[in-house]
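Architecture at a glance
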Amino acid sequence: MESFIELHRPQLQGSGVPPHYWPVLYEKIANQTFDAGLAFQLLQVDYGDDGPSEEDPVYAVATTKPISLDDSNAIFLIDHAWTFRLDMAKKQLETVPGLLDRMSGIMGVNTEENDQETSIEKVLNAMWRYVQTYSVNASGLAVENRMPIWYIVDEVGSAVHHSDTPNFRMVPFMHVDEQITYSLLFPIKDIDEGDLVTRDFVEGVTVKEHRDALLLPWRFTDFESHSFEFKEPPVEYFLHGHIEETLPGEDVAQPKIDPNRPLRVFAEYDMVKEHLTDPAFEIVENEETADILWYTKHFKGFKELSETMPDRFVNQFPFENVLTIKDLLSIVARRASEKHFDLETLEGHPKWLPVTFNLRTEIVEFAAYYQNRAAKELDNHWIVKPFNLARGLDTHITSNIAQIMRHSETGPKIAQKYIEKPVLFHRPEVEGKVKFDIRYVVMLKEAGAAPEVYMYNNFFLRFANKPYELNDFDVYEKHFTVMNYVEHANLHHLKCEDFLIEWAKQYPDHPWQEIEDQIAQVFKELFEAACKKPPPCGIAKSPQSRGVYAADLMLGWEGDKMQVKLLEMNYTPDCQRACQYYENFFNDIFKLLFLNEFNDLVFRRVN
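Residues numbered from 1 in each chain as written. Predicted model: local features only at pLDDT ≥ 70, side-chain atom pairs only at ≥ 80, totals over all residues. Heavy atoms only, no water.

Here's the deal with the overall build of the protein
For clarity, the cut-off: Each helix is a run of H or I in the DSSP string that is no shorter than four residues. Each strand is a run of E no shorter than two, and both are numbered from the N terminus. Within these notes, the globule rule equals 2.2 Å times the number of residues to the 0.38 power, and the radius of gyration is based on C-alpha atoms. Under the scheme applied here, a residue whose accessible area is under 20% of the maximum for its type counts as buried, over 50% as exposed, and between as partly exposed, the area being computed with a 1.4 Å probe on protein chains only. Contacts are assigned to residue pairs with any non-hydrogen atoms lying within 4.5 Å of each other. Areas reported here follow the Shrake-Rupley algorithm with a probe of radius 1.4 Å; residue values treat only the protein chains shown as occluding. Lys and Arg are tallied as positive, Asp and Glu as negative. Neither His nor the chain termini are counted. A single reference atom marks each charge: NZ on Lys, CZ on Arg, CG on Asp, CD on Glu.
When you go through the protein residue by residue, the secondary structure sums to 19 helices and 26 strands. In terms of C-alpha radius of gyration, the protein reaches 28 Å, essentially the compact-globule figure of 25 Å for 607 residues. Within the protein, the proportion of its 607 residues that are buried is 54%. Counted over contacts in the protein with a minimum sequence separation of 6, partners at least 24 positions apart contribute 68%. Of the roughly 28100 Å² that the protein leaves accessible, carbon and sulfur atoms contribute 49%. Of note, the protein has its 60 positive side-chain charges centred 5 Å away from the centre of its 98 negative side-chain charges.

And the structure:
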């Protein structure tokens, strides 16, 4: 027992399990004692002749005896009936014997009236009122293994209702030795016989409007009259969780370049080492001898650089994270427009930014906007993304507001309006039109009131592998375009020059030059917005800094017009494909950034 308690102490304390329950918890786990049936009974809720609606709980739990808060035996193991990651949920319901029937019973889904496919869809839609979540965050785990794990507790645990004044708590608990996860149910006040067992589904949230929004999966609150206008957060928001960085001195000059020798480059990125071949540059292995520091790790010491190494360049700008982290990107992009919404059509501005809400700080505004769209019968599909992950990890598409609200529990997320009418590209080999996105490499040479920004003329394309339809959102190869990390997925390569030939055939009324002009305008407005405010709310001026980013964009239909949509900006992007396609890729970029050699066949200045 002593070793059990010592091993699990941080977990028990973190979950707020009172210490007087710990010894009994050890005994119940060791003996596999599931004795909730001795203290509780499962009750079917009677809704009269009309029966329950799809949102009504089917069962409730009541006590069969008084339970004292001080009773050390009053902690109960609740089994997990289903544990899953979201990308496997549908497949498990299809293939695991008895799982669909059990989940249907817990959720009150009538499988007798539906075929299997319909029953599965009903369970997947209803489960957001029943699921709980945890994640494993042990050192050494790959980011893929840290993704949220969802679970549904057994019939007793799933029948515990919400209350704003609960009498119990239920928390997940992993038995480390056996690698088995349970839920622990224990009282937080004295209970009389026959009392309904309740818990707070949104523990820790005290602001009423936030609670009401987060409780939308279980009870309706009307937010239609609530404002959904955006307000820029205070300076403190930009610093929250941010690694401290210093700013260069005020009178720092451009580094001096010795024209009589090559510029020495220290690079952490292998692609630079292999493909920077122009004789104007020399790769060195020692940072101390370098003129240019090309890091893949984050650099934060700009003040120290300006004081001790004033003749050295670095490939980052102070506070460039305002562009490369998704929640900050949306805040910065909004500065490009004086108004953010057309209150009649609910169209967002700037038009190149899909309407985006921060599910931590703007959850009430999101609920209001969602309900206003629903009232106007507008499309309400959203894509939920983590602030700072790539490759589509923990990213989900849904029109179910219950699902969106529950995703907000699993870490910092944005909800971004899904482009439901994307411009598609015909791929004969897949017999249909697929989604695609466009990646442009963008360079920031100088920040400040008039930022100096360039785009690399050769762009890069990524394609979905299955024809697009607004359904089956669990089918990754239909809705996503990043196939590099998907096992057995086909990675369709097409150079931009070949794409342009095919584009002219497929969309003769939409010349690519017009699309590219629109893209250049997006970059102009974005970087001006990013430099409009001083750090930490904007990118700082830094004569020693140069920045290279990858911008991912998509095209959407607005009536008969194509509208560019900016999806995200990426820090130190993967340039392997660029180097394979264009052998002078890094030569051209380095000559532009450090030698002021501008080639209008290779680059376009956007402001």
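Topic: the sheet that holds strand β16 (residues 382–386)
Selection criterion: Paired strands, as defined in this entry, are two strands with at least two bridges between them according to DSSP. As a rule, the C-alpha atoms of each element are fitted with a line to give its axis, helices using only the stretch in contact, and angles between N-to-C directions run from 0 to 180 degrees.
Spatially, β15-β18-β16-β17 is the arrangement adopted by the four strands of the open sheet, whose pairing is antiparallel. Two strands lie at the open edges of the sheet, namely β15 (356–358) and β17 (396–398), each paired on one side alone. Averaged over all pairs of adjacent strands, the angle between their axes in this sheet comes to 25°, without regard to strand direction. With three bridges joining them, β16 and β17 adopt antiparallel strand pairing. Bridge pairing in β17 places V384 opposite H396.

A word on the environment of N584
Note the following rule: Between N or O atoms, a polar contact is any pair within 3.5 Å; within protein, one atom must be a potential hydrogen donor and the other a potential acceptor, and residues adjacent in sequence are included only when both atoms are from side chains.
The residue N584 is located in the loop between α18 (576–581) and α19 (585–595) in this model. Using a relative accessible area of 37% as the deciding quantity, one classes N584 as partly exposed. Separated by 501 residues in the primary sequence, N584 and T83 place their C-alpha atoms 50 Å from one another. Only 2.9 Å separates the side chain of N584 from the side chain of N587, close enough to count as a polar contact.

A look at unusual backbone geometry
The residue after H349, namely P350, is reached through a cis peptide bond having omega -5°. Mapped onto the secondary structure, P350 falls in the loop between α12 (326–334) and β15. A cis amide bond links P535 to the next residue, P536, at an omega of 10°. Tracing the sequence through the fold places P536 in the loop between α17 (512–530) and β24 (547–558). A positive phi is found at Q179, a non-glycine position, where the angle reads about 55°. Positive phi, normally seen in glycine, also occurs at F319, with a value near 65°.

Topic: α19
Extensive coverage of α19 is indicated by the burial of 10 of its 11 residues. Along α19, the residues that are buried comprise F585, F586, N587, D588, I589, F590, K591, L592, L593 and F594. N596 sits one or two positions beyond α19 and adopts a positive phi of about 60°.

Section: the pairing of β16
Most of β16 sits inside the fold, with five of its five residues counted as buried. With burial as the criterion, each face of β16 is covered, one bearing W382, V384 and P386 and the other bearing I383 and K385. Where β16 meets strand β18 (residues 413–417), five bridges bridge the pair, whose relative direction is antiparallel. Along β18, the bridge assignment pairs I383 with Q416.

Concerning the packing of aromatic side chains
The following threshold applies: Aromatic contacts are taken between Phe, Tyr and Trp rings whose centres are within 6.5 Å, Trp giving its six-membered ring; a plane angle under 30 degrees counts as stacked, one over 60 as edge-to-face, and the others as tilted. Think of it as a cone above the ring: NZ of Lys or CZ of Arg counts as a charge over the ring if it is within 6 Å of the ring centre and within 35 degrees of the ring normal.
By the definition in use, this model includes 60 aromatic pairs. Both rings, one in W294 and one in F586, keep their centres 6.4 Å apart while their planes meet at 85°; by these two values the pair is edge-to-face. One end of the pair, W294, is in strand β13 (residues 292–294); the other, F586, is in helix α19, with 292 residues separating them in the sequence. Here the two residues W294 and F586 agree in accessibility, since each one is buried. The interplanar angle of 90° and the centroid separation of 5.0 Å between the aromatic rings of F299 and F302 together place this pair among those described as edge-to-face. You can call F299 buried: its relative accessible area is 14%. One residue, R334, lies across the ring of F230, its end atom 3.4 Å from the ring centre.

Here's the deal with helix α2 (residues 22–30)
Condition: When we speak of the arc, we mean the arc of directions from the helix axis to the C-beta atoms.
Among the residues of α2, W22, V24, L25, K28 and I29 are the ones counted as buried. Down the axis, α2 shows its buried residues gathered within 155° of arc, on one side only. For α2, the secondary structure elements touched by its buried residues are α1 (2–14), β3 (76–78), β8 (168–175) and β9 (180–187). The first or second residue beyond α2 is Q32, which carries a positive phi of 50°.

Here we look at the pattern of salt bridges
Basically, it comes down to this: We define a salt bridge as a contact between a side-chain nitrogen of Lys or Arg and a carboxyl oxygen of Asp or Glu at a distance within 4 Å.
Summed over the entire model, instances satisfying the criterion amount to 36 salt bridges. With a shortest N-O distance of 3.2 Å, E232 and K533 are connected by a salt bridge. With E232 in the loop between α7 (208–214) and α8 (235–239) and K533 in the loop between α17 and β24, this pair connects stretches of sequence that are 301 residues apart. Residue R604 pairs with D517 through a salt bridge whose shortest N-O separation is 2.9 Å. Residue R604 is located in strand β26 (residues 603–605), and its partner D517 is located in helix α17; the two are separated by 87 residues in the primary sequence. If you follow the salt bridges from partner to partner, you end up with D164, D200, K208, R211, D212 and R219 in one network.

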